[in-house]
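# Per-entry structural report
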Amino acid sequence: MNDDLRTIGSSGRPGRGNRRTSPSAAARGLAGGAPAGPARKKNAGERPRLRSVTDDDAAAAAAAAEETASGAGGRDHEQREPRLEELLSALLGGAQRLLGEDWDDRLHGLTAGLAHRLSGDYAIDDFGYDPEVVALLDHLIEPIAEKWFRLEVRGIENIPAEGGALLVGNHSGTVPMDGVITGFAVRKHAERSLRPLGADLVFSLPFVSQLARKLGATLACADDAERLLTRGELAAVWPEGFKGVGKPYSERYKLQRFGRGGFVSAAMRAQVPIIPVSLVGAEEIYPLVGNVPSLARLLGVPYLPITPFFPWLGPLGMVPLPSKWIIEFGEPIRTDAYPAEAADDPMLLFNVTDQVRETIQQNLYTLLGDRGNPFI
């Protein structure tokens with residue numbers, strides 16, 4: 001047999017001259033730096049030779065890794081920094097739009113007022129009206145009224161510069177925020193204080209009662225109303241009461257019954273004008289879509305509202321929607337043309353009450369047409 005043509009395999013069996021090399025063996029050959037071609041026969045004690053890694057190679061690899069990491073980190077930092085600046089700029093711009101350009105002056109006035117309150121040097125009138133508490137409240141209400149509700153005031157010239165007058169307005173909004181905004185508008189634009197006439201429930205609640213007194217409110221009774229009007233104050237009444245505040249959204253801007261005309265009687269006895277006040281915007285802040293009367297009776301409140309967002313979203317559902325508000329103070333309805341004893345004529349009271357109600361209702365229709373979409 002020609003040994004030049006055949007070789008003996010490791011098992012001793014005849015095999016082909018060109019033996020196939022396994023992948024692992026080929027890998028070991030490449031790692032050991034063996035030349036390409038037929039496998040070289042190794043000695044029994046020989047180990048596969050590996051290329052040694054020098055200190056220079058290690059330093060170069062470490063430098064390359066550090067450069068790559070620093071370059072990526074630098075790019076990430078460059079990307080994060082503009083994004084952070086843009087976010088802060090957007091937040092500050094939104095806060096400035098909400099609080100107004102003079103937010104620092106308002107904050108200074110608020111802190112100064114609080115400091116003066118802590119000194120204890122302040123006075124209230126015989127109804128409990130506290131002008132300093134009202135001034136502090138105005139600092140908080142102003143950005144909400146002018147930025148969130150985009151309040152527009154019309155007919156402010158119809159409010160007399162001095163002397164008594166009775167403002168009569170429509171009531172709405174699920175939460176009676178319309179009275180607070182109306183008082184703010186009168187104080188800012190007419191520069192006079194407003195004395196609301198509230199329902200019995202307002203003065204039976206523990207915390208609300210004290211706050212209402214400090215804000216100038218008093219009980220909606222003939223005696224208190226006449227006292228305020230005869231001494232030259234601006235009083236305000238919302239004859240719809242809780243029927244107007246708690247009416248469903250489907251009946252928005254439809255005036256409820258105005259009662260028996262007690263407010264007209266008080267104005268006639270004091271010989272002061274009646275100023276109809278029409279307000280749109282409050283109906284949309286908390287759209288009333290439901291009520292829980294049984295639970296409301298248990299809690300002793302007129303109604304327990306359900307809106308599209310409350311109670312489903314919890315405290316977040318109590319944030320009012322940013323509807324567009326318009327308040328219009330109508331032309332005064334004079335009562336001094338009647339003698340004081342005319343306040344006891346029920347037919348005359350009914351006619352004047354109906355005149356006030358119809359004036360407010362027609363003004364509401366006009367304002368709704370002028371406003372258009374409440375949120376745009």
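Residues numbered from 1 in each chain as written. Predicted model: local features only at pLDDT ≥ 70, side-chain atom pairs only at ≥ 80, totals over all residues. Heavy atoms only, no water.

The protein has the name Acyltransferase family protein in an unreviewed UniProt entry, where Aeromicrobium piscarium is given as its organism.

Moving on: unusual backbone geometry. The residue after F310, namely P311, is reached through a cis peptide bond having omega 5°. Mapped onto the secondary structure, P311 falls in the loop between β10 (305-306) and β11 (326-329). Of note, the phi angle at R150 is positive, near 50°, even though the residue is not glycine. For T174, which is not glycine, the phi dihedral falls at a positive 65°. Take T174: it is sitting in the loop between β4 (165-169) and α5 (177-190). (Helix = DSSP H or I, 4+ residues; strand = E, 2+ residues; numbered from the N terminus.)

Our next topic: the sheet that holds strand β3 (residues 152-154). Here seven strands make up an open sheet; going across it, the order is β3-β11-β8-β4-β7-β5-β6 and the pairing mixed. In the strand order of this sheet, the two ends are held by β3 and β6 (218-219), each with one partner. Alignment of strand β5 (residues 194-198) against β6, held across two bridges, turns out to be parallel. Residue pairing for β6: G198 is matched across the bridge by L219. (Pairing = 2+ DSSP bridges.)

Looking now at the pattern of salt bridges. A side chain with one charge may pair with a side chain of the opposite charge, provided their charged atoms come close. Following the criterion strictly, the structure yields 18 salt bridges and no others. In this structure, R231 and D125 form a salt bridge, with 3.5 Å as the shortest nitrogen-oxygen distance. Of this pair, R231 sits in the loop between α7 (222-230) and β7 (234-237) while D125 sits in the loop between α3 (103-119) and α4 (131-148); the two residues are 106 residues apart in sequence, bridging distant segments of the chain. In this structure R231 comes out as partly exposed when scored by relative accessible area, which is 39%. (Salt bridge = Lys/Arg side-chain N within 4 Å of Asp/Glu carboxyl O. Buried < 20%, exposed > 50% of the residue type's maximum accessible area, 1.4 Å probe, protein only.)

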